[in-house]
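For reference, the chains in residue letters:
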Amino acid sequence: MMNTLVLKKEEFLFLKDFIYQHIGISLSEQKIYLVQGRLNKRLKELRLDSFKEYCDLLRNDVAQKELSYLSTFISTNVTSFFREGSQWKFLEENLAKITHSKNKKLRIWSAASSTGEEPYSIIMFLYEHLNDVLHWDIKLLATDISTKVLKQAKEGKYKSKAYSQLEARYRAKYFTKVQHSEDEYTIKEMIKKDIVFRIFNLVTGNYKIFAKKKFDIIFCRNVMIYFDKATQSELVKNFYDLLEPGGYLFIGSSEALTDLRKGFKLVSPSIYQKV
Ligand SMILES: C[S@@+](CC[C@H](N)C(=O)[O-])C[C@H]1O[C@@H](n2cnc3c(N)ncnc32)[C@H](O)[C@@H]1O
C-alpha cells in the first residue's frame with residue numbers, strides 16, 4: 001500500500017486560492033482533507049513526492065494543462081442522460097413556442113457538458129420532438145474545463161450504468177452496440193454530427209471568442225453551485241449577453257439565480273428567459 005502524502009496548511013491555502021482563481025470553485029478551510037485525499041491519486045500518477053512539488057508544477061503550468069486535470073479531481077463530473085426530468089417536460093410542452101420564429105435554425109450551448117450525456121440528450125430530444133428536424137440547421141456547442149471528460153464525451157461510448165435510465169426507444173434508435181463488448185454502446189453519428197466539443201473555462205475564459213455568436217438556449221446545469229456569488233453573477237451576465245432576445249437559460253434544480261437574475265424572468269423552476 002502506498003503512503004498518503006500530507007498536505008500542509010500553507011500548501012492547501014495556495015491550492016485553495018489557485019482553484020478559486022482558475023476554476024472558480026470556492027473551498028472552505030475545512031476542505032483540506034478532501035483536497036488531500038482527492039489529489040493524492042493525481043500526485044501518484046505524476047510520481048511526485050510532495051504537495052510542494054505539485055504546487056510548483058501548477059505555478060509553472062503556463063499552458064494550463066494540469067489545470068484541466070486538477071479540475072477533474074476537485075469538481076464532480078456526475079451527469080446522466082435526461083437529467084432534471086421536469087426541464088425536459090417543459091421543453092416538450094413549449095418546444096413549438098420556443099422554435100416557431102427560429103427560421104429552422106437553432107443554436108444551443110451546453111456550458112458544462114461533462115462526459116456528454118447532456119448535449120447528446122438535447123440532440124436526441126430534438127430528433128424525437130422537433131417537427132421536420134432533418135431540415136433544421138442545428139448546432140450545439142458543448143464545453144467543459146476538463147479535457148478528460150471532453151475526450152469521453154467526444155467518443156460517445158457508454159456502459160450499461162449510463163444508458164440504463166434511458167428509455168429503450170432512445171437506445172434502440174440512437175446507439176450502436178460496441179462489437180465484442182457485453183454492455184457498451186456508442187452514440188450514432190447522426191446525433192454526434194450536430195455537436196462541437198471544445199474546452200472552455202467558464203470562469204477565466206475569454207467570452208470575446210464567441211464574437212457575434214448568439215444562442216437560443218444555454219444549459220449551464222450543476223456547476224454554478226460550486227461558484228461564489230460574485231463568480232455566478234459575472235457568469236450570468238455573460239450568458240445574458242450571449243443569448244438571443246427571448247432566449248432560455250437552464251440551470252440545475254439545486255441552483256438559483258435569485259438576486260442575479262436581472263434581465264431574466266423565471267418561466268419554470270430552474271428555467272429563465274431573457275426579457
Ligand atoms: C456536475 S457536472 C454537470 C454536468 C451536466 N451539466 C449536468 O448537469 O449533468 C459539472 C461539470 O462542470 C465542469 N466545470 C467545473 N468547473 C468549471 C469551469 N470553471 N468551467 C467549465 N466547466 C467547469 C466540470 O468539469 C464538470 O464536468
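Each remark here, short or long, concerns the structure printed above.
Values in this document were obtained by computation on a predicted structure and should not be read as measured data.

Caption draft 1: Structural detail: the overall build of the chain. In terms of regular secondary structure, the chain is built from eleven helices and ten strands. A compact globule built from 275 residues should have a C-alpha radius of gyration of about 19 Å, and the chain, at 20 Å, falls within 12% of that. In terms of overall dimensions, the chain has C-alpha extents of about 60 × 50 × 30 Å along its principal axes. Restricting the contact set of the chain to residue pairs at least 6 apart, pairs at least 24 apart contribute 72%. Accessible surface for the chain amounts to roughly 14600 Å². Of this, 52% is attributable to carbon and sulfur atoms. Across the chain, the centroid of the 45 positively charged side chains sits 3 Å from that of the 33 negatively charged ones.

Caption draft 2: Here's a closer look at the pairing of strand β10 (residues 271-274). By the alternation rule, side chains of β10 split into I271 and Q273 and Y272 and K274, which are all buried. Inspection of the sheet shows strand β8 (residues 243-251) paired to β10 by three bridges, in the antiparallel sense. The residue of β10 that forms the bridge with L249 is Y272. As paired elements, strand β9 (residues 264-268) and β10 share four bridges and run antiparallel to each other. From the neighbouring strand, S268 faces β10, where its bridge partner is I271. In this antiparallel pair of consecutive strands, β9 and β10, the connection spans two residues, and S270 shows a positive phi of 60°.

Caption draft 3: Quick peek at the sheet that holds β8. Strand order in the open sheet formed by seven strands is β6-β2-β1-β7-β8-β10-β9, with mixed pairing between adjacent strands. Only two strands of the sheet have a single partner each, and these edge strands are β6 (195-199) and β9. Neighbour to neighbour, the strand axes of the sheet diverge by 20° on average, direction disregarded.

Caption draft 4: Here's a closer look at the sheet that holds strand β3 (residues 157-159). The three strands lie next to each other as β3-β5-β4, forming an open sheet whose pairing is antiparallel. Where the open sheet ends on each side, the last strands, each with one partner, are β3 and β4 (175-177). The average angle at which neighbouring strand axes cross in this sheet is 35°, direction not considered.

Caption draft 5: A look at helix α2 (residues 32-45). Taking 1.5 Å as the rise per residue, α2 with 14 residues should run 20 Å; its terminal C-alpha atoms sit 20 Å apart, in good agreement. At L39, α2 shows its largest kink, close to 35°. Here α2 has its buried residues at I32, V35, Q36, L39, N40, R42 and L43. Following α2 by one or two positions, R47 adopts a phi angle in the positive range, close to 55°.

Caption draft 6: Expanded view of the environment of F175. Tracing the chain through its elements places F175 in strand β4. Judged by relative accessible area, which is 4%, F175 ranks as buried. Spatially, the C-alpha atoms of F175 and L257 are 36 Å apart, while their sequence positions differ by 82 residues.

Caption draft 7: Quick look at the packing of aromatic side chains. With the rule as written, the count across this model stands at 24 aromatic pairs. Taking the centre distance of 5.3 Å and the plane angle of 70° together, the rings of F200 and F210 count as edge-to-face. With a gap of ten residues between them, F200 in the loop between β6 and β7 (215-220) and F210 in the loop between β6 and β7 connect regions that are remote in the sequence. Under the relative-accessibility criterion, F200 is labelled buried at 7%. Each ring, one from F219 and one from F250, has its centre 4.7 Å from the other, and the planes form 25°; the classification is stacked. Here the residue F219 occupies a position in strand β7, and F250 occupies one in strand β8, the gap between them amounting to 31 residues. Put simply, the rings of F82, W88, F90, F125, Y127, Y170, Y174, F219, Y248 and F250 pair up and form one aromatic cluster. R59 extends its terminal NZ or CZ atom over the ring of F14, reaching a point 4.2 Å from the ring centre. A cation over an aromatic ring shows up here: K274 above the ring of Y240, its NZ or CZ 4.3 Å from the ring centre.

Definitions and cut-offs
- In this convention, every chain numbers its residues from 1, walking through the sequence in written order.
- Confidence filtering applies because this is a predicted model: local features only for residues at pLDDT of at least 70, side-chain atom pairs given and counted only at 80 or more, and all residues used for totals across whole chains, interfaces and linings.
- The side-chain quantities take in all heavy atoms of the structure and omit both hydrogens and water.
- In DSSP terms, a helix is any run of H or I states spanning at least four residues, a strand is any run of E spanning at least two, and both are numbered starting from the N terminus.
- Within these notes, the globule rule equals 2.2 Å times the number of residues to the 0.38 power, and the radius of gyration is based on C-alpha atoms.
- When checking whether two residues touch, look at their non-hydrogen atoms; a contact exists if any pair is within 4.5 Å.
- Residue-level accessible areas treat just the shown protein chains as cover; the underlying method is Shrake-Rupley with a 1.4 Å probe.
- Charge convention: Lys and Arg are scored as positive, Asp and Glu as negative, and His as well as the terminal groups of each chain are ignored.
- Charge positions come from single atoms, namely NZ of Lys, CZ of Arg, CG of Asp or CD of Glu.
- Type-normalised accessible area, obtained with a 1.4 Å probe on protein chains alone, sets the label of each residue: buried when under 20%, exposed when over 50%, and partly exposed for intermediate values.
- Paired strands, in this sense, are two strands between which DSSP finds at least two bridges.
- Only the stretch in contact is used when a helix axis is fitted, and all axes are lines through C-alpha atoms; the angle between N-to-C directions ranges over 0 to 180 degrees.
- Here the expected length of a helix is defined as 1.5 Å per residue gap, with one fewer gap than residues.
- Take the seven residues that end at a residue and the seven that start at it, fit an axis to each, and the angle between those axes is the bend at that residue.
- Centre distance within 6.5 Å is the pairing criterion for rings of Phe, Tyr and Trp, where only the six-membered ring of Trp is used; planes under 30 degrees apart are then read as stacked, over 60 as edge-to-face, and the remainder as tilted.
- Note on geometry: a ring has a charge over it if NZ (lysine) or CZ (arginine) is within 6 Å of the ring centre and within 35 degrees of the ring normal.

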